[in-house]
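Per-entry structural report
Below, each chain spelled out in residue letters.
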Amino acid sequence: MSVSGIHGHILEVTVVGCNKLKDTEWISRQDPYVCLEYGSTKYRTRTCTDGGKAPVFQERFTFNLIEGLREINVVVWNSNTLTFDDFIGTGKVQLNKVLAQGFDDAPWPLQTKTGRYAGEVRLIMHYANAMHQASPYAPTAPPHAAPHPQVPQYSVPPPTYSASYPPPATAYPTPSPYPSYPSSAYPPPPSAYPPPPATSPYPPPSSYPPSTYPPPSSYPPSTYPSPSPSPYYPPGPFPGLYPPPPPY
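Residues numbered from 1 in each chain as written. Predicted model: local features only at pLDDT ≥ 70, side-chain atom pairs only at ≥ 80, totals over all residues. Heavy atoms only, no water.

**A word on the overall build of the chain**
Put simply, the test is: Comment: elements are numbered from the N terminus, with helices defined as DSSP H or I runs of at least four residues and strands as E runs of at least two. Contacts were defined at the residue level, with two residues in contact if any of their heavy atoms lie within 4.5 Å. To be clear on the numbers: accessible area is Shrake-Rupley with a 1.4 Å probe, and residue cover counts the displayed protein chains and nothing else.
From N to C terminus, the chain includes one helix and nine strands. Beginning at the N terminus, the succession of helices and strands in the chain can be written as β-β-β-β-β-β-α-β-β-β. Across the chain, the fraction of contacts at a sequence separation of at least 24, relative to all contacts at a separation of at least 6, is 59%. Only carbon and sulfur atoms are counted for the fraction: they give 62% of the accessible area of the chain, which is about 21000 Å².

The following block contains the structure:
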(Lines give C-alpha, C1' and ligand atoms only; values in the text may rest on other atoms or scores of the structure.)
Protein backbone atom coordinates (compact mmCIF):
# COMPACT_ATOMS: atom_id res chain seq x y z
CA MET A 1 0.00 0.00 0.00
CA SER A 2 1.48 3.38 -0.98
CA VAL A 3 1.42 6.02 1.78
CA SER A 4 2.14 9.65 0.97
CA GLY A 5 2.19 12.87 2.95
CA ILE A 6 4.31 11.54 5.84
CA HIS A 7 7.06 14.13 5.76
CA GLY A 8 7.66 15.64 9.22
CA HIS A 9 5.37 13.17 11.03
CA ILE A 10 6.59 11.42 14.18
CA LEU A 11 7.49 7.72 14.27
CA GLU A 12 8.07 6.12 17.68
CA VAL A 13 10.48 3.17 17.79
CA THR A 14 11.08 1.08 20.93
CA VAL A 15 14.09 -1.24 20.95
CA VAL A 16 12.89 -4.20 22.99
CA GLY A 17 15.94 -6.46 22.73
CA CYS A 18 17.80 -9.05 20.68
CA ASN A 19 17.69 -12.81 20.49
CA LYS A 20 20.06 -15.54 19.26
CA LEU A 21 22.87 -13.07 18.67
CA LYS A 22 26.19 -14.20 17.29
CA ASP A 23 28.66 -14.55 20.18
CA THR A 24 31.88 -12.61 19.64
CA GLU A 25 33.47 -13.43 23.02
CA TRP A 26 35.49 -16.54 23.74
CA ILE A 27 35.84 -16.37 27.51
CA SER A 28 33.42 -13.83 29.02
CA ARG A 29 29.89 -12.80 28.05
CA GLN A 30 29.54 -10.12 25.40
CA ASP A 31 28.04 -6.67 26.10
CA PRO A 32 25.76 -5.77 23.13
CA TYR A 33 24.20 -2.46 22.19
CA VAL A 34 22.02 -1.35 19.23
CA CYS A 35 22.43 1.57 16.83
CA LEU A 36 19.54 2.98 14.75
CA GLU A 37 20.00 5.19 11.66
CA TYR A 38 17.25 6.91 9.67
CA GLY A 39 18.45 9.54 7.23
CA SER A 40 20.72 11.83 9.24
CA THR A 41 19.21 10.81 12.58
CA LYS A 42 21.17 8.30 14.64
CA TYR A 43 20.48 6.74 18.05
CA ARG A 44 22.37 4.35 20.29
CA THR A 45 21.00 2.26 23.14
CA ARG A 46 22.79 1.73 26.42
CA THR A 47 25.19 -1.19 26.70
CA CYS A 48 23.60 -4.32 28.14
CA THR A 49 26.43 -5.61 30.30
CA ASP A 50 26.76 -9.39 30.14
CA GLY A 51 23.73 -9.45 27.87
CA GLY A 52 25.22 -12.34 25.92
CA LYS A 53 23.03 -13.63 23.10
CA ALA A 54 19.73 -12.23 24.42
CA PRO A 55 20.16 -8.65 25.69
CA VAL A 56 17.15 -6.57 26.77
CA PHE A 57 17.00 -2.77 26.31
CA GLN A 58 13.41 -1.41 26.37
CA GLU A 59 14.42 2.05 25.10
CA ARG A 60 12.21 4.35 23.01
CA PHE A 61 13.27 6.80 20.29
CA THR A 62 11.42 9.19 17.94
CA PHE A 63 12.12 9.92 14.30
CA ASN A 64 10.88 12.65 11.97
CA LEU A 65 9.73 10.84 8.87
CA ILE A 66 11.16 11.76 5.51
CA GLU A 67 9.10 11.52 2.38
CA GLY A 68 10.34 8.64 0.22
CA LEU A 69 12.48 6.97 2.95
CA ARG A 70 10.85 3.71 4.06
CA GLU A 71 13.53 1.85 6.06
CA ILE A 72 15.67 2.13 9.18
CA ASN A 73 19.18 0.69 9.40
CA VAL A 74 19.98 -1.35 12.51
CA VAL A 75 23.47 -2.34 13.64
CA VAL A 76 24.34 -4.41 16.74
CA TRP A 77 27.79 -4.15 18.35
CA ASN A 78 29.66 -5.77 21.23
CA SER A 79 31.21 -3.19 23.56
CA ASN A 80 34.87 -3.68 24.47
CA THR A 81 36.90 -1.72 27.01
CA LEU A 82 40.46 -2.02 25.73
CA THR A 83 39.93 -2.71 22.04
CA PHE A 84 37.57 -1.63 19.32
CA ASP A 85 33.96 -2.79 19.53
CA ASP A 86 33.07 -6.02 17.75
CA PHE A 87 30.57 -6.01 14.91
CA ILE A 88 27.78 -8.55 15.49
CA GLY A 89 25.25 -7.97 12.70
CA THR A 90 23.17 -5.51 10.72
CA GLY A 91 19.67 -5.40 9.24
CA LYS A 92 17.09 -3.19 7.56
CA VAL A 93 13.67 -2.46 9.08
CA GLN A 94 10.89 -1.80 6.55
CA LEU A 95 8.31 0.89 7.47
CA ASN A 96 5.56 0.02 5.00
CA LYS A 97 3.43 -1.88 7.52
CA VAL A 98 3.69 0.63 10.36
CA LEU A 99 2.94 3.57 8.04
CA ALA A 100 -0.15 1.80 6.68
CA GLN A 101 -1.51 0.22 9.89
CA GLY A 102 0.06 2.40 12.60
CA PHE A 103 1.68 -0.48 14.50
CA ASP A 104 4.38 -3.11 13.95
CA ASP A 105 6.17 -5.32 16.49
CA ALA A 106 7.78 -7.98 14.29
CA PRO A 107 11.38 -9.17 14.87
CA TRP A 108 13.91 -8.34 12.16
CA PRO A 109 16.80 -10.60 11.14
CA LEU A 110 20.47 -9.60 11.36
CA GLN A 111 23.31 -10.65 9.09
CA THR A 112 27.09 -10.65 9.31
CA LYS A 113 29.30 -8.93 6.73
CA THR A 114 29.41 -12.21 4.79
CA GLY A 115 25.62 -12.56 4.77
CA ARG A 116 25.33 -15.23 7.49
CA TYR A 117 22.59 -15.27 10.11
CA ALA A 118 23.63 -13.26 13.20
CA GLY A 119 20.41 -13.25 15.26
CA GLU A 120 17.41 -10.92 15.35
CA VAL A 121 16.35 -7.63 16.87
CA ARG A 122 12.82 -6.83 18.00
CA LEU A 123 11.33 -3.35 17.60
CA ILE A 124 7.89 -1.95 18.48
CA MET A 125 6.92 0.94 16.17
CA HIS A 126 3.95 3.32 16.43
CA TYR A 127 2.74 5.81 13.85
CA ALA A 128 -0.15 7.92 15.18
CA ASN A 129 -1.05 9.52 11.82
CA ALA A 130 -1.87 6.21 10.14
CA MET A 131 -5.58 6.73 10.90
CA HIS A 132 -5.60 9.99 8.91
CA GLN A 133 -4.18 8.36 5.78
CA ALA A 134 -7.52 6.79 4.86
CA SER A 135 -9.66 7.88 1.97
CA PRO A 136 -10.76 11.54 2.22
CA TYR A 137 -14.32 10.53 1.44
CA ALA A 138 -16.42 9.12 4.21
CA PRO A 139 -17.81 5.70 3.50
CA THR A 140 -21.39 5.76 2.38
CA ALA A 141 -24.08 3.24 2.99
CA PRO A 142 -24.81 0.85 0.16
CA PRO A 143 -27.65 1.96 -2.14
CA HIS A 144 -31.05 0.82 -1.14
CA ALA A 145 -32.32 -1.88 -3.40
CA ALA A 146 -35.99 -2.59 -3.81
CA PRO A 147 -36.92 -5.98 -2.48
CA HIS A 148 -37.41 -8.61 -5.08
CA PRO A 149 -41.04 -9.56 -5.62
CA GLN A 150 -41.86 -12.85 -4.08
CA VAL A 151 -42.91 -15.37 -6.66
CA PRO A 152 -45.21 -18.07 -5.35
CA GLN A 153 -43.68 -21.46 -5.34
CA TYR A 154 -46.62 -22.96 -7.25
CA SER A 155 -48.49 -21.09 -9.97
CA VAL A 156 -51.44 -23.46 -9.69
CA PRO A 157 -52.35 -25.11 -6.42
CA PRO A 158 -51.44 -28.76 -6.55
CA PRO A 159 -54.41 -31.09 -7.13
CA THR A 160 -55.76 -33.03 -4.25
CA TYR A 161 -55.89 -36.77 -4.53
CA SER A 162 -58.64 -38.85 -2.99
CA ALA A 163 -57.71 -41.71 -0.81
CA SER A 164 -57.21 -44.87 -2.87
CA TYR A 165 -58.10 -47.16 0.02
CA PRO A 166 -61.29 -46.92 2.12
CA PRO A 167 -60.76 -46.26 5.79
CA PRO A 168 -61.13 -49.25 8.11
CA ALA A 169 -64.69 -50.01 9.25
CA THR A 170 -64.00 -50.12 12.94
CA ALA A 171 -60.96 -49.54 14.99
CA TYR A 172 -59.54 -52.37 16.97
CA PRO A 173 -59.96 -52.10 20.74
CA THR A 174 -56.88 -51.21 22.66
CA PRO A 175 -55.35 -54.46 23.96
CA SER A 176 -55.20 -54.78 27.73
CA PRO A 177 -51.77 -55.30 29.26
CA TYR A 178 -53.17 -58.16 31.40
CA PRO A 179 -54.51 -61.48 30.00
CA SER A 180 -58.27 -61.67 29.91
CA TYR A 181 -60.34 -64.69 31.00
CA PRO A 182 -64.01 -65.49 30.29
CA SER A 183 -66.34 -64.09 32.86
CA SER A 184 -68.15 -67.48 33.23
CA ALA A 185 -64.97 -69.40 34.14
CA TYR A 186 -64.86 -68.27 37.75
CA PRO A 187 -66.71 -68.65 40.09
CA PRO A 188 -68.27 -71.94 38.88
CA PRO A 189 -72.06 -72.27 38.72
CA PRO A 190 -73.76 -73.68 41.80
CA SER A 191 -74.68 -76.89 39.96
CA ALA A 192 -71.03 -77.75 39.22
CA TYR A 193 -70.49 -79.28 42.67
CA PRO A 194 -72.88 -81.50 44.81
CA PRO A 195 -74.69 -79.72 47.62
CA PRO A 196 -73.19 -80.18 51.05
CA PRO A 197 -74.79 -82.87 53.32
CA ALA A 198 -77.68 -81.80 55.46
CA THR A 199 -76.18 -83.20 58.66
CA SER A 200 -72.57 -83.42 59.72
CA PRO A 201 -71.06 -86.94 59.88
CA TYR A 202 -69.66 -86.14 63.27
CA PRO A 203 -71.84 -86.09 66.43
CA PRO A 204 -72.52 -82.66 67.84
CA PRO A 205 -70.10 -81.71 70.57
CA SER A 206 -71.36 -82.45 74.05
CA SER A 207 -71.69 -79.78 76.64
CA TYR A 208 -68.87 -79.29 79.11
CA PRO A 209 -68.41 -80.67 81.76
CA PRO A 210 -69.29 -84.14 80.47
CA SER A 211 -71.96 -86.24 82.14
CA THR A 212 -70.81 -88.48 85.04
CA TYR A 213 -70.16 -92.14 84.50
CA PRO A 214 -72.51 -94.73 86.13
CA PRO A 215 -72.03 -94.61 89.92
CA PRO A 216 -69.67 -97.33 91.12
CA SER A 217 -71.11 -100.15 93.25
CA SER A 218 -70.77 -99.91 97.02
CA TYR A 219 -67.71 -101.43 98.67
CA PRO A 220 -67.31 -104.19 99.90
CA PRO A 221 -68.95 -106.01 97.06
CA SER A 222 -71.84 -108.34 97.65
CA THR A 223 -71.05 -111.95 98.52
CA TYR A 224 -70.69 -114.28 95.65
CA PRO A 225 -73.29 -117.07 95.46
CA SER A 226 -72.25 -120.41 96.76
CA PRO A 227 -71.03 -122.75 94.14
CA SER A 228 -73.41 -125.39 93.07
CA PRO A 229 -72.38 -129.01 93.68
CA SER A 230 -70.43 -130.42 90.81
CA PRO A 231 -71.81 -133.63 89.33
CA TYR A 232 -68.28 -134.99 88.87
CA TYR A 233 -67.14 -134.90 92.50
CA PRO A 234 -69.05 -135.99 95.55
CA PRO A 235 -69.88 -133.26 97.94
CA GLY A 236 -67.80 -133.02 101.06
CA PRO A 237 -69.00 -133.65 104.57
CA PHE A 238 -69.32 -130.03 105.11
CA PRO A 239 -70.85 -128.41 102.08
CA GLY A 240 -70.06 -124.79 101.67
CA LEU A 241 -67.71 -124.59 104.67
CA TYR A 242 -64.23 -125.76 105.37
CA PRO A 243 -63.84 -128.41 108.09
CA PRO A 244 -62.80 -127.04 111.46
CA PRO A 245 -59.15 -127.35 112.40
CA PRO A 246 -58.19 -130.43 114.46
CA PRO A 247 -57.83 -130.00 118.16
CA TYR A 248 -54.27 -129.79 119.61
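Next comes the rest of the account.
**As for the side chain of threonine 24**
To be explicit about the condition: Side-chain atoms alone can form a polar contact between residues adjacent in sequence; in general such a contact is a pair of N or O atoms within 3.5 Å, and within protein one must be able to donate a hydrogen while the other accepts it.
Mapping threonine 24 onto the fold places it in the loop between strand S1 (10-19) and strand S2 (32-38). Side-chain polar atoms of threonine 24 contact the side chain of asparagine 78, separated by 3.0 Å. Not counting residues within four places of it along the chain, the set of residues in contact with threonine 24 comprises Gln30, Asn78, Asp86, Phe87 and Ile88.

**Overview of the confidence of the model for the chain**
Here is the rule: How sure the predictor is of each residue is captured by pLDDT, a score from 0 to 100.
Confidence in the prediction for the chain averages 75 pLDDT; 52% of positions are at 70 or higher. A low-confidence stretch, residues 134-141 stays under pLDDT 50, and its non-local contacts, those more than four residues away or across chains, total zero contacts.

**Quick look at the nonpolar core**
Stated formally: Joining through side-chain atoms within 4.5 Å is the link that ties buried Ala, Val, Leu, Ile, Met, Phe, Trp, Tyr and Cys residues into a set, and such a set is a nonpolar core. The buried label applies to any residue whose accessible area, calculated with a 1.4 Å probe on protein chains only, is under 20% of its type's maximum; exposed applies above 50%, and partly exposed to all values in between.
Judged by nonpolar contacts, the single largest core of 30 residues is most densely connected at Leu11, Leu36, Ile72 and Leu95. Elements that contribute at least two residues to this core include exactly S1, S2, strand S4 (56-64), strand S5 (71-78), strand S6 (86-94), helix H1 (96-101), strand S8 (107-111) and strand S9 (117-126). In contact with isoleucine 72, other than residues within four places in its own chain, are Leu11, Val13, Leu36, Glu37, Tyr38, Phe63, Gly91, Lys92, Val93 and Leu95.

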